[in-house]
Amino acid sequence: KQEVTQIPAALSVPEGENLVLNCSFTDSAIYNLQWFRQDPGKGLTSLLLIQSSQREQTSGRLNASLDKSSGRSTLYIAASQPGDSATYLCAVWNYGQNFVFGPGTRLSVLP
Amino acid sequence: DAGVIQSPRHEVTEMGQEVTLRCKPISGHDYLFWYRQTMMRGLELLIYFNNNVPIDDSGMPEDRFSAKMPNASFSTLKIQPSEPRDSAVYFCASSFAYRVSGANVLTFGAGSRLTVL
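Residues numbered from 1 in each chain as written. Chains lettered and ligands numbered in written order. Predicted model: local features only at pLDDT ≥ 70, side-chain atom pairs only at ≥ 80, totals over all residues. Heavy atoms only, no water.

Asks: Before we go on, may I ask you to explain the state of the cysteines in this structure?
Replies: Disulfides are covalent bonds that connect the sulfur atoms of two cysteines. Within this structure, the stated rule accounts for two disulfides over all chains. Residue pairing for A:C23: its cysteine sulfur links by disulfide to A:C90, the two sulfurs lying 2.0 Å apart. The disulfide joining A:C23 to A:C90 has a torsion of about 80° about its S-S bond and is therefore right-handed. Of the two residues, A:C23 sits in strand β3 (residues 19–25) while A:C90 sits in strand β9 (residues 86–94), which places them 67 residues apart along the sequence. Pair check on accessibility: A:C23 and A:C90 agree, each one buried. One disulfide bridge connects B:C23 with B:C92, the sulfur atoms lying 1.9 Å from each other. Here the disulfide of B:C23 and B:C92 is left-handed, its torsion about the S-S bond being about -65°. Residue B:C23 is found in strand β3 (residues 19–24), and its partner B:C92 is found in strand β9 (residues 88–95); the two are separated by 69 residues along the sequence. Residue B:C23 shares its accessibility class with B:C92, and that shared class is buried. (Disulfide = S-S within 2.5 Å. Helix = DSSP H or I, 4+ residues; strand = E, 2+ residues; numbered from the N terminus. Buried < 20%, exposed > 50% of the residue type's maximum accessible area, 1.4 Å probe, protein only.)

See below:
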């Protein structure tokens, strides 16, 4: 059974810092991995999707990488801003299963 | 497309009452998922459908919960009778099944916040 973990559980950084969020999964037989953002009291918004054949995806200040063999993904946020404050979740889509979510990393970017 | 549409956005009810949550997936998506989110347990998959057929309902907590998808554009999640421990945010999400390419983005609705008194 696929298990997804995220480290750290919470992170607080000053504005302008570059930061890395980590996601680990136990079963490498995945179709893809997605990173989501969730603002308090809101739904989840998809940020980036990395297909199993890809190694990274970029969108603006966000860059996500995928290393299937080691069961790891990282989300890199450049020049963080207070508006980036949210909970970030990763999810993997498994063969024969469905999307499995990690517990999330709660990010606070201080002005 | 207006995205995944859920209703009601907020529901407050008393213990023992029936609750029905509704979801309209994105047109053309053939996968539909129901999730529940609480502070204690995070995001939990309850059930998912493929082409309107329930595929995995192992996450449904007990017989008080039931879900249906009578057609490609509508799904319901019903709780009867409701209990205080059912209080949570319930999310519906939908996706294409681009299994070969893996390009199936999961799109969430805004959620239905349920409070059972």
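Asks: I tried to follow the interface of chain B and chain A on my own but got confused; where do I start?
Replies: Accessible area lost during the coming together of the parts is what is often quoted as the interface size. Listed as interface residues are 21 residues of chain B and, on the opposing side, 17 residues of chain A. At the boundary of chain B with chain A, total buried surface from both sides reaches about 1,500 Å², with 59% on carbon and sulfur atoms. The interface formed by chain B and chain A includes zero salt bridges. If you look at where chain B meets chain A, you find two residue pairs in polar contact (both at pLDDT 80 or more). Contributing elements (two or more residues each) for the side of chain B that touches chain A: β4 (31–38), β5 (42–50) and β9 of chain B. Looking at the side of chain B that touches chain A element by element, the count peaks at four residues for β4(B). For the side of chain B that touches chain A, the per-class residue count stands at 12 nonpolar, six polar and three charged. (Contact = heavy atoms within 4.5 Å. Buried area = accessible area lost by both parts, 1.4 Å probe. Salt bridge = Lys/Arg side-chain N within 4 Å of Asp/Glu carboxyl O. Polar contact = N/O pair within 3.5 Å; in protein donor to acceptor, adjacent residues only side chain to side chain. Nonpolar A, V, L, I, M, F, W, Y, C, P; charged D, E, K, R; others polar.)

Asks: How should the nonpolar core be read in this particular structure?
Replies: It is characteristic of soluble globular proteins that their nonpolar side chains tend to be buried jointly. Grouped together as the largest cluster of nonpolar side chains are 23 residues, with contacts concentrated most on A:L33, A:W35 and A:L75. Looking at this core, the elements that each hand over two or more residues are β3, β4 (30–38), β5 (44–51), β7 (62–67), β8 (72–77), β9 and β11 (105–110) of chain A. Counting residues in each nonpolar core, the second largest holds 21 residues, with B:L21, B:I26, B:F49 and B:A67 among its members. (Core = buried A, V, L, I, M, F, W, Y, C linked by side-chain atoms within 4.5 Å.)

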